[in-house]
Each structure stands twice: as structure tokens, then as C-alpha cells.
Amino acid sequence: MDEIRRIAKNNLGYLENLEVYDLLYQPEYLLYAYQSLKKGVPAGIDGIRDRGITASGILKLSKELKTGIYKPNPTRRVMIPKAKKDEFRPLGIPSTKDKIVQNAIKLILENIFEPTFSNNSHGFRTNRSCHTALQDIEYLWPSTPWLIEFDFRKVFDKINYKILMSQLSSRFNDRKLLKAIWYQLKVGYVNPHNLVDSKLEMNVGTPQGSIISPILCNIFLDKLDKFIEKDLIPRYERKESGRTLSQEYLDHTTRWKDNPWNQVKIAAQELAPELPYRTLTRSLEKVRKENAKTLGISVYEKVDIKIRYIRYADDFLVGVRGSKDVARQIMQEIIGFCEGDELAMQINIEKSGIKHISTGVLFLGYKVFLNEHTRKIFNEQRIKHTRLMFGVPVEQLCKRYAEKGFLQKAKKGYQNKYVARAQSKYYSLEPTYMIRRYNMVVTGLVNYYKGSERLSNMTEFLHMIRKSAALTLAHQQKKKYAKYAFERWGKDLTILTTTKEGKEIQVHFEIPNLSNVNRTWMTGEGDINNLTRKREVGFAYSQTMTLIKSVNDLCCAIPECGNQAKQWHYIKHRRKIKGDGHSRTHILATAKQIPVCNEHHRLINNGQYDGPSLKKLKGYEIDSTE
């Protein structure tokens, strides 16, 4: 993997001699891909849970990939409710075996394509997130009056296979890997609850829920990134910088040579010869700045057109510093590119459009806007605030959490108001676990919206979430109103519990003091799904090679023995291997071992072995003939 990454970084074009399929079927690599899978996800149509894969299963999958007989199973389709009533989003759940292969392919593709991706692409990439995208908008989009928001129609379901495979083969040409990706694309789905809604082969789209869908979406839409950055922006932009002091402003405020104000300076020197020259010029510069302000002279060079672009997966935003007519032209060009032969995707016109920054747009859960009445002092002049601002869209949050079951619309007379609702899916939880679940929801929300200008706007919303917790506790106890829970457990819903060690602790609903939360962007982890819990993934090395190669499949390594091997024997005893922590674990996992039968293992351990030198015997390696 390090070698693939190095080659990909050194060559951003076509990788002619890159052959990586041999890595895909290595048992060690498949084990690594398996152990870095997200745990706890539902099983596919094979019914095997994520923790149900055995060492023999890994070896069997390796053999299938190596011999070319591997074919993915259809995904198990489930329907997820959408925001609008009676609308659902299809989600495909692959079998565990297919998840391993998809994750293995994804890791390879990430290393090949990551160096070529745009810096303006932030979705599903290492050390990038919603927060890094929003941070770029804050730092790089000052004084951007027009924002163009775009929305694709079902991008994952409509990806054109021909265009995607062309994108893949333009970077590398490993036929076996491309064929494996093609099989993953073409595999259909089975709906266990409605067999009529089953399709065993697809002609377009990548199933939502597939592990390789995000990386394939980024590869597919990289074409859009390149079009906007390398074609559209150079054609429309007129100047490079908008932070340079204008020549007209300098002529009216600081320059003296060949300037009418020079005569005023000479006259003032004659009237007050005892006044120091520096004091005189500074006083006159203050007057000149006030005069320039009165005349309405711009402090900075005017930028005719400046274009900014940001994308997170299939959500992208374009900022235009220029006229609205130019913004319309840019929007039409982008729609034409997306709906043309280059991408063959449809733009949802109803959810796309041009908005002025004073109105603001919703992007990645934030309201992005600019309050034009806000002004600041710069260079002794009052000028407009130029940095875009970020707010919490409380109304949209209420709508989203009503869909999740925490809130609901008020009854007649209050149609636009939301009130708390008991969360039925938490009824089966113990009260302490229930409160902890609610705390995770609050923690995730507060962390995600730390980039907001006024986080305290969420206070009322969080109090509704607390009332939802009270209602859930009350309904669990067969009571109707939240008042019962508050009277029994207090306003913070404090519940006493006992740990395994017998220690008594308190668990309560936590609403942080939002006025004390520092405004910050959480670089690299600012996605709301990642902020409620931490999950470490990676390769957990085994103490022996058993997980990678079963010793029972081998014969004893001692010449002329012929018995079935039963034990792995370290050539160098584990106690003598130096190092600590991760480095020692790595050495243990990769140290030379030989398979031996029980009798020879006993002789070796007792110091009675008198055969050929163990160091010269063949140690563990993958048999290329299998």
C-alpha cells in the first residue's frame, strides 16, 4: 500500500504499469480490510453478521478472488424514510463477504486517486469533513454577494457506468481490478419484503450503503471539479486579488508628488513653519482620508469577477463576486455540463438557484449568510464586514428531529411550532442508557455547530430534546406526561446507578452552557455522524499466524516427518524480541514462524531436538500454487 501511494503521488497522470489485483486477494490484506470495517452494521442476504467471519472464510475468499470465481451477492434492500411523507430512500446492505472485498477495493482506489482529487472536494476523504469545507468558505469567500446552490437528482442512483469506468481506466489499466469493480457495480438487489421490487442486475447507479459508493462518487464527480476549476473559472475571472488598496484611494490619501494636496502642504508649512514636518503630513493625511470617504472612493481594487467553488460529495456550492447576470451564466454552464454527455446527471432545478448573501443559503446543515449592517473599523475607516457568517438553522433542525421521532408538530392553532415527543425506539432501554443516548445526541449537535456565530440559538431546541427524554422515561413507566419524570428525577433527569465494581454514580441529562462554548471548526472530524462517538479502526495484529494461515492445513516443516502440523513455532522466542508497544506487536506478527507437529514441538521446547537447523527451514509464506 505504501508503494501504491508513493507511485500515485509521483505520477498524477496515467499509471501505465500499475498492477494491484495481486494485492487484493492476499489473506493478510483481506484480514486488514475486514478488521477496518465498521462494526455493528446489519447483515446482508447471507445472514452472516460482521463478526461472523472465520479464518477459513478469509482464506476461501482469497482463493475465490485469486482464481477469478468470486462473484458478489445481490444486496439486501431496505427502505429508509425521507423528509417528505410517503417517500423512502433505498439502502443496499451487502453481504459480509462482499463488504470485505468492497473495503479492500476502496482502500486501493483511495491511494490511487487521492493525490489527483481537488482541494475543493471534502466529502469522504481523509482529514476532510463538513467542517473543513465550511472553514474554507469562511476563510476564502470574503465579500461574495451571490451564492449558487446545486442539487443533483439521486446522484448515487444515476451514475453512468460507461463514464465512471472511463474515469477509472484513464488513471490505471489493471484489467482484473476493473473487472472486480464492474461486478460490484452490476450486482443487483433483493427486497425480502417485496420480491417484485427485486433486480438482480443493475444498468446504472451505485447502491447507497455500498462501501465503495463514496469513493466512486468522488471519482465520478472529479470531472465536475476539473471543469469548474480549470475551464470555467479561468474564463470568467478578471483579477486575482481583491485585497489590494486601490490606486485611486492611495492618490487621495497618501501620495504627495504631482498631487493637488501637495500645494496644501506647502501652504500649511508657510503658515506654521515651527510645526514638525511629520506631524503636519499625518494631520493632512487624516483630512485626506475623510475627504476620500466623503467622495465615496473605494478602499480596495474592485474585482470584476471572482468565483469560488466547494463540494462535499454530491452537494456543491459556487460563490460569485460579480453581477447577478454573470452568476446566471455560470449556473447555466454548470447545468449544461452536468446534464450533457460529460456526466449525464440531472440537476434538481427546484432545489437549485441563485441567492443573495443577505438572504443566505443552507449548506451542510449551516445557514451561510452575511449581515450587511455589520461594520468594522479598518485603517481608520468604517467599512462593511466581509467575512461570511454561519448560523444554526433551528427551524430545519426541528423539522429534521421531528422526522427522527424526537419532536412533532403542535396541534391545531400552532402548525408552525414544534413540541417534544417521546422517542419510542428507546422504550426498551434502561433509564441510565436512555439518558446517555440522549446525551450523545446533544453532544453531537453542539460539537457539529461549534462553528456557528450564535450557538446559544440552540438553547430552546435542546430544552425540547430534554423534554423528549422526560416523556420517553414517563412513557416507559406507563405515565402520560413529562411532569412525572421531572418530579421523580429532577429537572436534569438525574438517575442513580451502580457500576460493576459496586460504585454508585449519577447519570443526568446534560445541556452545556452554550455561551461558554468557543467558536471553532473541528478539522478532519467535523461530520455529525462522527462527533457522537469515537471509533478506532486499523489492523489488530494477532499473536500468531493462526488468523492468517491455519496450521492444520500444513505439514510439519521438519524434513522427512510427514505428520500434520499442530503448532506454530517462533524461530526467535517471543520473550527475546525487543521493543515495546506497537513496534513490538508488529515484530511479533511478522517474525518468522514454522509449522511443526506436537512431537517435534515438545522436543524443541525441551531442548531435545537434534535435527536440521530451525533457522534454515522454510518459514511461513503464502503458497503461490494454492
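Residues numbered from 1 in each chain as written. Predicted model: local features only at pLDDT ≥ 70, side-chain atom pairs only at ≥ 80, totals over all residues. Heavy atoms only, no water.

**Q** Go over the packing of aromatic side chains, please, and point to the residues and values.
**A** Scanning the entire structure with this criterion turns up 23 aromatic pairs. Taking 4.1 Å as the distance between ring centres and 5° as the angle between the ring planes, the aromatic pair formed by Phe227 and Phe337 counts as stacked. Of this pair, Phe227 sits in helix H10 (residues 213-236) while Phe337 is found in helix H14 (residues 324-339), placing the two residues 110 residues apart along the sequence. Among the residues examined, Phe227 registers a relative accessible area of 12% and is labelled buried. (Phe/Tyr/Trp six-rings, centres within 6.5 Å; stacked < 30°, edge-to-face > 60°. Helix = DSSP H or I, 4+ residues; strand = E, 2+ residues; numbered from the N terminus. Buried < 20%, exposed > 50% of the residue type's maximum accessible area, 1.4 Å probe, protein only.)

**Q** How would you sum up the sheet that holds strand E7 (residues 315-321)? Please name residues and give values.
**A** If you walk across this open sheet you meet the four strands as E6-E7-E3-E8, and the pairing is antiparallel. Two strands close off the open sheet at either side, each with one partner strand: strand E6 (306-312) and strand E8 (353-356). Within the sheet, the average angular offset between the axes of one strand and its neighbour, ignoring direction, is 20°. Relative to E7, E6 runs antiparallel, the two being bridged by seven bridges. Bridged to Tyr309 within E7 is Val318. Along the sheet face, H10 touches E6 and E7 and points at about 175° away from the line of E6. In the packing of H14 onto the sheet, contacts are made with strand E3 (146-151), E6, E7 and E8, and the angle to E3 comes to roughly 20°. (Pairing = 2+ DSSP bridges. Axes fitted to C-alpha atoms, helices over the stretch in contact; angles between N-to-C directions. Contact = heavy atoms within 4.5 Å.)

**Q** Outline the packing of helix H5 (residues 96-113) against helix H9 (residues 175-186), listing residues and values.
**A** At their nearest, the axes of H5 and H9 sit 11 Å apart, and the two run at 130° to each other. One finds that H5 runs oblique with respect to H9. For H5 against H9, the interelement crossing comes out left-handed. Every residue of H9 that contacts H5 at Val101, Gln102, Ile105, Ile108 and Leu109 is listed here: Leu177, Ala180, Ile181 and Gln184. (Parallel < 35°, antiparallel > 145°, perpendicular 65-115°, else oblique. Left-handed = near helix turned anticlockwise from the far one by under 90°.)

**Q** Would you mind going over the side chain of Ser118 in detail, with residue names and values included?
**A** Position of Ser118 among the secondary structure elements: in the loop between H5 and helix H6 (130-140). A relative accessible area of 5% means that Ser118 is categorised as buried. Non-local contacts of Ser118, meaning those with residues more than four positions away in its chain, are made with Arg125, Arg128, Asp222, Asp225, Lys226 and Glu229.

**Q** With reference to specific residues and values, describe unusual backbone geometry.
**A** Leaving glycine aside, a negative phi is the common case for residues, and trans is the common case for peptide bonds. Phi is positive for Ala313, which is not a glycine, with a value near 55°. By the secondary structure assignment, Ala313 is in the loop between E6 and E7. For Ala313, a relative accessible area of 4% puts it in the buried group. Non-glycine residue Glu560 carries a positive phi angle of around 65°. You can see Glu560 is positioned in the loop between strand E17 (504-507) and strand E18 (567-570).

**Q** Could you give an account of the pattern of salt bridges, with specific residues and numbers?
**A** Pairing is possible between side chains that carry opposite charge, provided their charged atoms lie close to one another. Applying the stated criterion across every chain yields a total of 21 salt bridges. Its salt-bridge partner being Glu149, residue Lys355 comes within 3.4 Å of it at the nearest N-O pair. Note that Lys355 is positioned in strand E8 and Glu149 in strand E3, a separation of 206 residues in sequence. What emerges from the salt-bridge pattern is a single network uniting Glu138, Arg387, Glu453 and Arg519. (Salt bridge = Lys/Arg side-chain N within 4 Å of Asp/Glu carboxyl O.)

**Q** Account for the confidence of the model for the protein, naming residues and giving values.
**A** On average, residues of the protein carry a pLDDT of 83, and 82% of them reach 70 or more. Taken together, the stretch residues 621-626 has pLDDT below 50 and engages in eight contacts with residues farther than four places along the chain or on a different chain. (pLDDT = per-residue confidence, 0-100.)

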